[in-house]
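Per-entry structural report
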Amino acid sequence: MSQILALLFLLKKLMLKELSSFSSVRFNNFLFCILFIMVAGLTSRAPEAAFWSTLLFQIVLLAPLLVTFSVDTQHRLPPERVATWPLTRRQRLLLSSVSFALNPLFIVLFLGYLFWMGLAAGLFFLLMALIVHGAVYAVCRLPFKIRTPAGLSISRTPLDVSGIAQETWRELLGTLDFWTALLIAVSGTLYRLFGRAPAPEAFPMLALFVGIAMSTIGQRMLCLDEGRALLRYRLLPIAGWKVLVTQDMTFLIPLAVMVSLLSLRTGIAFGLVAIAVGRYSSLRQRANQRRWRFVGGDPRFGVAQVLLGGLAGIGAARTGLWAVAFALYVVSIFWGEQLWKCSLTA
């Protein structure tokens, strides 16, 4: 009994620690946009209408959170430590079930939808959380490890930038923003390919939402690993603008692939502006950004990213003129080079 109580106490500490680490989502651009849409719907329509009009975005926002929170206690600790626990297979399965039942995110999720939309909506999202938890539990116990195919490696890029590109790509994959954008892009692409009479005007808007989901990363390009990358890059015999361009291309190429079947010009224009606006905060601000979390940015730069990027994206979609976005990006490169040199002499 004492062993079970000790494990439950450990589970409580881990859950509270994990919940506090998600505070960065408060300053995420995508969350701001979803809340704005929901508030606008609540002021002009009934709460039910606001719920249904934002249902897809709620699922897209919650899916990465559910996956991250579904990793139970036994996979949050070093395997050597877990191996010393005197537990049978049944007890380990029971511990995983308890970790789901006591998960603070699932509890808050159920109560929030219960009071907003009633018992049916609360049970629906709780069932979705249970399905995600079961899938993650099964994947974590596969007899083999899932590795990235060697063909997807970036090691064939020039030697002076390959390490920077690989590190940036690894940190990019470790953010929930990337996977949220990927979910939106896949959903929009499937809608375009298989939807009945898809509306052409919806594609630029979907591309904008993909860009918004990725935009907060533009404020933390050098802080995705808690700022250690900036310290390492300063020691490299390479110009600052090359570091910035390498990171930017590692950001823009996946974004271009995501929006390629939606609206490439819209997505690229938005991405260029988002990077340009976030340049200062990326080089000057320090953030304790953890892996497998939403990136937390500065609301001031976030609003500018969404507004200016939205204008650039819509302008590129309607007129095809994305030169303004590219010019703003080029200016940000020169400005970033000056900030980089100042940081070296500070």
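Quick look at the structure, then. Computed from a predicted structure; not experimentally measured. (Residues numbered from 1 in each chain as written. Predicted model: local features only at pLDDT ≥ 70, side-chain atom pairs only at ≥ 80, totals over all residues. Heavy atoms only, no water.)

1. What about the overall build of the chain?
- Of regular secondary structure, the chain possesses 17 helices and 0 strands.
- For the chain, with 346 residues in total, the buried portion stands at 47%.
- At a minimum sequence separation of 6, the contacts of the chain that also span at least 24 residues come to 81%.
- A total of about 18,200 Å² of accessible surface is found on the chain, and carbon and sulfur atoms cover 71% of it. (Helix = DSSP H or I, 4+ residues; strand = E, 2+ residues; numbered from the N terminus. Buried < 20%, exposed > 50% of the residue type's maximum accessible area, 1.4 Å probe, protein only. Contact = heavy atoms within 4.5 Å. Areas by Shrake-Rupley, 256 points an atom, 1.4 Å probe, with all protein chains shown as cover.)

2. Considerations on the pattern of salt bridges
- In this structure the tally under the stated criterion is 5 salt bridges.
- Between Arg 300 and Asp 298 there is a salt bridge; the shortest N-O distance is 2.6 Å.
- Arg 300 sits in the exposed class, given a relative accessible area of 62%.
- In this structure, the salt-bridge partner of Glu 337 is Lys 341, at a minimum N-O distance of 3.9 Å. In this pair, Glu 337 and Lys 341 are both assigned in helix 17 (residues 323-345), 4 residues apart and thus about one turn of the helix distant.
- Note on Glu 337: relative accessible area 13%, which makes it buried.
- Connected through salt bridges with shared partners, the residues Glu 167, Arg 170 and Glu 171 form a single ionic network. (Salt bridge = Lys/Arg side-chain N within 4 Å of Asp/Glu carboxyl O.)

3. Details of the side chain of Thr 216
- If you trace the backbone, Thr 216 turns up in the loop between helix 11 (202-215) and helix 12 (228-234).
- Not counting residues within four places of it along the chain, the set of residues in contact with Thr 216 comprises Phe 27, Asn 28, Asn 29, Asp 177, Val 295, Gly 296, Gly 297 and Gln 305.

4. Concerning the packing of aromatic side chains
- This structure, assessed with the given rule, holds 5 aromatic pairs.
- Ring geometry for Trp 169 versus Phe 178: centroids 5.8 Å apart, planes at 85°, classification edge-to-face.
- By relative accessible area, Trp 169 is classed as partly exposed at 26%.
- Residue classification places Phe 178 among the buried positions, given a relative accessible area of 5%.
- Ring centres of Tyr 280 and Phe 301 lie 6.1 Å apart, and the angle between their planes is 25°; on these two criteria the pair is classed as stacked. Here Phe 301 lies in helix 16 (residues 299-319) and Tyr 280 lies in helix 15 (residues 279-284), a separation of 21 residues in the sequence.
- What makes Tyr 280 partly exposed here is its relative accessible area of 32%.
- By relative accessible area, Phe 301 is classed as buried at 17%.
- Cluster of aromatic residues (ring-pair linked, three or more members): Trp 169, Phe 178 and Trp 179.
- Note that Arg 192 overlies the ring of Phe 203, its terminal NZ or CZ placed 4.4 Å from the centroid. (Phe/Tyr/Trp six-rings, centres within 6.5 Å; stacked < 30°, edge-to-face > 60°. Lys NZ or Arg CZ within 6 Å of the ring centre and 35° of its normal.)

Keep in mind that these numbers describe shape and distance, not what the molecule does.
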